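Listed below, chain by chain, are the residues.
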Amino acid sequence: MDIAKGQDLPIEREEGESKGRYVMRRDGATAELTYSRAGARMIIIDHTGVPDAFRGLGVGEALVRRAIEDARAEGRTVIPLCPFAKAQIERHHEWQDVLQR
């Protein structure tokens, strides 16, 4: 499978009672974005991890994009404590509508 930069990445969502994550797996490598729920309408993105096998492919950005899209669709706001996620959201003004203010 070839990964076009940030396009059509097979990202899975796993969500528990208070925490969740977005995961992309390929050839034994796993990239993830983890978050915690703060109430029914807010998530805190606390970590984004992308292994060297995925670097430069837009995987980290795609994980953040998916979290933002899901938050928007579910009426949730986002607090990006993860420095990578925060930087991505600052770069993408179209994502900032879901930020907790």
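Up top is the structure.
Parameters and conventions
Residues numbered from 1 in each chain as written. Predicted model: local features only at pLDDT ≥ 70, side-chain atom pairs only at ≥ 80, totals over all residues. Heavy atoms only, no water. Buried < 20%, exposed > 50% of the residue type's maximum accessible area, 1.4 Å probe, protein only. Helix = DSSP H or I, 4+ residues; strand = E, 2+ residues; numbered from the N terminus. Arc of directions from axis to C-beta. Contact = heavy atoms within 4.5 Å. Pairing = 2+ DSSP bridges. Axes fitted to C-alpha atoms, helices over the stretch in contact; angles between N-to-C directions.

Trainee: Describe in detail helix α2 (residues 83-91), supporting the description with residues and values.
Mentor: Those residues of α2 lying buried are A85, Q88 and I89. When α2 is viewed along its axis, its buried side chains cluster within an angular range of 95 degrees and face the same direction. Opposite its buried face, α2 presents the exposed residues P83 and R91, each directed more than 90 degrees away. On the buried face of α2, the contacting elements are β4 (42-49), α1 (59-73) and β5 (77-80).

Trainee: Please provide a residue-by-residue account of the sheet that holds strand β3 (residues 29-37), values included.
Mentor: As summarised here, the arrangement of the five strands in space is β1-β2-β3-β4-β5, forming an open sheet in which the pairing is mixed. The sheet is open, and its two edges are formed by β1 (12-15) and β5, each paired on a single side. Pairwise comparison of adjacent strand axes, ignoring direction, gives a mean angle of 25 degrees for this sheet. Of the strand pairs in this sheet, β3 and β4 are connected by six bridges, and their pairing is antiparallel. Note that in β4 the partner of E32 across the bridge is G49.

That's the geometry; what it means functionally is another story.
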